[in-house]
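What follows is the residue order along each chain.
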Amino acid sequence: MYTSEGTGIRRAPSALLEWCRANGVECLAVQPPGRLLRGREPPFTRCCDIAEALLPVVASKLIDTPYVVIAHSVGTWVAYELLRLAAAQRLPMPRQAFLSAMASPDIPHVARPWRQQRGLGEEEFKDECRSWDVNEIVFSAALWGTYHDLMRADFTLFDEFEHTHGGAPPFAFPVTAFYGNRDRRIKRSMVEGWQRFTTGSFQLLEVDGHHLWPLDKDSLLGELQRERQQQQQQQGGVPDLSATRRTYHFIDSRWPGLEQVHAEPPVYIAHDFLSADDCAALRRAAEAGQLPYLAYDNAVLVDTHRLLLLLPVVAAGAGFDAWQALLAHSGAGGGGDAAVTAAALAAAAGPALLHWSAGVGLLVAAALGGMRAFVGGRVFTGTKWTAAQLDPSHPAAPAFARFLSRTSVLLGAPADRLEPPTVTRYRRGEYQRKHFDARPDGDPAGLKQFLEAGGQRLVQVVVYLNEVEGGGGTRFHHPLFRGLTIEPRQGDALLFFPAYADGRFDVRMAHSGQPVEAGQKFILNTWCCQRAVPSAASHLLDQQGGDASGRTLGVGAPR
Ligand SMILES: O=C(O)CCC(=O)C(=O)O
Ligand SMILES: [Fe+2]
């Protein structure tokens, strides 16, 4: 009932779905037999039967993704049976459960504040439904036929519910329970009973509404407003709702030696990610000129299509000149109203067009040249080599392969989502200017090809291949980082997120390779992208038998 938005004129946005969309959360909405598309299937009459049918459908989702459970009214008892079953099968438990408008499932029959439908005639049953705030429209001649059987079955779910888990230990996840202050059946004390079912924290919230408050726009709006006010009070200002939308690509927090060096935006160091031997092999390969150079695009990126916008300027200028020339010409001929012949117009337009194209062209060239000289030429002053086409028999191939396989496992992403690794050398005085690795939205040059070739860069992985004598740190420039600079340490991997998990560019992630002050600096680098990268160097992995660390080597995520 929270998740159906309806269709056509009945379409009404679902607050829950909107929230899920805004936060990149997947909603597993359940449609049991007897409802909508499953209208012809006989409905269930026991909560445990629903749970048993449902668990195999959702189990695979519960295993590898943190989840919460949201349930209303008799749905809470279905959720309860589902979680008992999941716990018995040792499946992960939810991060939290949000349970609304229902007594805890251990409520004895005598204390249940309703009449069982089984003994009720048609009118009595309708009245019983009304006491649960079922909308009057359901009892209309047009609808009651469709709803009747389903309502009888639904009521049986809680009328005849038996609590069979008396000996089971309580859950440990936090529970937030809600009750409507105008609910005629379910009262605060009954909802409070849920507290007995968890050793985690328990919160009880009163909502201004009746039993079906999530369907009542005013109750729901009131509830959302209250929540926002609460947030404002806690934060002492306008709630930063965008914060909840910041999700990043997965990184396995159990990785040995992983340290989070900045909380938000997150920055990680995986200590001793590569061995000293591998670092040396990669440095040697680059220095010995055994790897192909990578021409690094230092040019200012200009969308040449935009230059077409200058065409009207050229045309207007040339037209004006031609017109002036014609006027002068006909004036000189003595006949002020002489007819302008096509030949005369063409003769005058030709030179004018040439004149204007040359003028505007020169201006553009000068501007671009200036920009390159002042900006482009100094974006990156080191040297880069690529492993894109590296022969698997190359002495450095196993080191590259270990790098790719470990990165793949740490990021839970197949290795074909990693761009071909590169080795970079900075000599004294060399650097990489402040830059972003993800493409900003609306960036013109090559954005389309970039996005087609693997999509946005989600994670940058830099491994420092040597100890640098002076300078050469990787600096983050957004004020949130307060000057955070990672000093190179041989074998350490630095990981951060140029874009959010959904591919949105993160403007806070500007960073630079600071100038090397003494000695040299070598790094190994890749980016994990949204999708498979056509040029990925996964061929290096196929050739390797296994990873010396004993971790799974693989094009294939461990999750
Ligand atoms: O050299 C560094 O420390 C950073 C390199 C970098 O950010 C890059 O290559 O994109
Ligand atoms: Fe970078």
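- An unreviewed UniProt entry annotates the protein as Alpha beta-hydrolase originating from Micractinium conductrix.
- Checking UniProt for the protein, the heading Sequence similarities (unreviewed entry) contains the comment "Belongs to the thioesterase family."
- The heading Cofactor (unreviewed entry) in the UniProt record of the protein holds the text "L-ascorbate".

Brief notes about the overall build of the protein
Reasoning step 1: What the protein contains, in helices and strands, is 13 helices and 17 strands.
Reasoning step 2: A separation threshold of at least 6 residues defines the contact pool for the protein, and within that pool the share at least 24 residues apart is 78%.
Reasoning step 3: Of the roughly 29,200 Å² of accessible surface on the protein, a fraction of 56% belongs to carbon and sulfur atoms.

Considerations on the site of ligand 1
Reasoning step 1: Taken together, K384, Y426, Q432, H435, D437, Q460, T474, H511, G513, K521, I523 and W527 make up all the residues around ligand 1.
Reasoning step 2: Taking Q432, its side chain carries an N or O atom lying 3.2 Å from an oxygen atom of ligand 1.
Reasoning step 3: In the model, an oxygen atom of ligand 1 is placed 2.9 Å from a nitrogen or oxygen of the Q460 side chain.
Reasoning step 4: Starting from 290 Å² of accessible surface for ligand 1 in isolation, the protein chains cover 100%.

What about the coordination of the iron ion (ligand 2)?
Reasoning step 1: Looking at the iron ion (ligand 2), the protein donor atoms are H435 (NE2), D437 (OD), Q460 (OE1) and H511 (NE2), and they sit 2.0 to 2.4 Å from it.
Reasoning step 2: Viewed at the metal, the six donor atoms of the iron ion (ligand 2) are separated by angles of 62 to 168°, and the geometry they form is irregular.
Reasoning step 3: For the iron ion (ligand 2), the donor residues sit on a single chain with the sequence spacing H-x1-D-x22-Q-x50-H. The exposure classification of H435 matches that of D437, with both residues buried.

Some thoughts on the side chain of D133
Reasoning step 1: With respect to the helices and strands, D133 occurs in the loop between α4 (122-130) and α5 (141-159).
Reasoning step 2: Accessibility expressed as a relative area gives 15% for D133, which makes it buried.
Reasoning step 3: Once you skip the residues sitting within four places of it in the chain, D133 turns out to touch R182, R184, H210, H211 and L212.

Some thoughts on empty space enclosed by the protein
Reasoning step 1: Using the criterion set out here, one finds three cavities of 30 Å³ or more in the structure.
Reasoning step 2: Roughly 140 Å³ of internal volume is contained in the largest cavity.
Reasoning step 3: Every residue lining the largest cavity is counted, 17 residues in all, and those nearest its centre are Y426, Q432, H435, Q460 and I523.
Reasoning step 4: Listed by contribution, the elements that provide at least two residues to the lining of the largest cavity are β9 (432-435), β10 (457-464), β15 (511-513) and β17 (521-529).
Reasoning step 5: If one sorts the elements of the lining of the largest cavity by residue count, β17 sits on top with four residues.
Reasoning step 6: Of the residues belonging to the lining of the largest cavity, the class tally is six nonpolar, eight polar and three charged.
Reasoning step 7: Of the pockets and cavities examined, the second largest cavity occupies roughly 70 Å³.

A closer look at the sheet that holds β17
Reasoning step 1: One open sheet holds the seven strands; their spatial order is β5-β6-β14-β10-β17-β8-β7, and the pairing between them is antiparallel. Of all the strands in the sheet, just β5 (258-262) and β7 (383-386) have a single pairing partner and so form its edges. Neighbour-to-neighbour, the strand axes of this sheet turn through a mean angle of 25°, independent of strand direction.
Reasoning step 2: With four bridges connecting them, strand β6 (residues 267-270) and strand β14 (residues 493-496) associate as antiparallel partners.

Comments concerning the packing of helix α2 (residues 47-64) against helix α3 (residues 74-88)
Reasoning step 1: Where α2 contacts α3, the two axes come as close as 8 Å, and the packing angle between them is 55°. Comparing their axes, α3 and α2 come out oblique. In the packing of α2 onto α3, the handedness of the crossing is right-handed. Here C47, C48, I50, A51, E52, L54 and L55 of α2 lie close against α3, whose contacting residues are V74, W77, V78, E81, L82, L85 and A86.
Reasoning step 2: Along the lines of polarity and charge, the residues of the contact of α2 with α3 split into 12 nonpolar, no polar and two charged.

Quick notes on the nonpolar core
Reasoning step 1: Ranked by internal contacts, the top residues of the largest apolar core, which has 51 residues, are W77, C129 and F158.
Reasoning step 2: Excluding residues within four positions of it along the chain, W77 makes contact with C47, M102, A103, S104, P105, I107, R112, W114, F158, F161 and W194.
Reasoning step 3: Counting residues in each nonpolar core, the second largest holds 48 residues, with L282, L458, F522 and C528 among its members.

Details of the pairing of strand β2 (residues 96-100)
Reasoning step 1: The pairing of strand β1 (residues 68-72) with β2 spans five bridges and is parallel. For H72, the partnering residue across the bridge sits in β2 and is S100.
Reasoning step 2: On the question of chirality, the crossover connecting β1 to the parallel β2 by way of α3 is right-handed.
Reasoning step 3: In this sheet, strand β3 (residues 175-180) lies alongside β2 in parallel orientation, the contact comprising four bridges. Each bridged residue has a counterpart across the sheet, and for S100 the counterpart in β3 is F178.

Rules used in this analysis
- Residues numbered from 1 in each chain as written.
- Chains lettered and ligands numbered in written order.
- Predicted model: local features only at pLDDT ≥ 70, side-chain atom pairs only at ≥ 80, totals over all residues.
- Heavy atoms only, no water.
- UniProt positions renumbered as here; feature names shortened; annotations may be inferred.
- Helix = DSSP H or I, 4+ residues; strand = E, 2+ residues; numbered from the N terminus.
- Contact = heavy atoms within 4.5 Å.
- Areas by Shrake-Rupley, 256 points an atom, 1.4 Å probe, with all protein chains shown as cover.
- Near = heavy atom within 4 Å.
- Polar contact = N/O pair within 3.5 Å; in protein donor to acceptor, adjacent residues only side chain to side chain.
- Donors = N, O, S within 2.8 Å, 3.2 Å for Na, K, Ca; no water.
- Tetrahedral: all angles 85-135°; square planar, octahedral: opposite > 155°, others 65-115°.
- Buried < 20%, exposed > 50% of the residue type's maximum accessible area, 1.4 Å probe, protein only.
- 1 Å grid on protein atoms, 1.4 Å probe; cavity = no way out; pocket = protein on both sides within 12 Å on 5 of 7 lines; lining within 4 Å.
- Points joined across faces, edges and corners; volume = space filled by probe spheres on them.
- Nonpolar A, V, L, I, M, F, W, Y, C, P; charged D, E, K, R; others polar.
- Pairing = 2+ DSSP bridges.
- Axes fitted to C-alpha atoms, helices over the stretch in contact; angles between N-to-C directions.
- Parallel < 35°, antiparallel > 145°, perpendicular 65-115°, else oblique.
- Left-handed = near helix turned anticlockwise from the far one by under 90°.
- Core = buried A, V, L, I, M, F, W, Y, C linked by side-chain atoms within 4.5 Å.
- Right-handed = clockwise from strand over helix to strand, strands pointing away.

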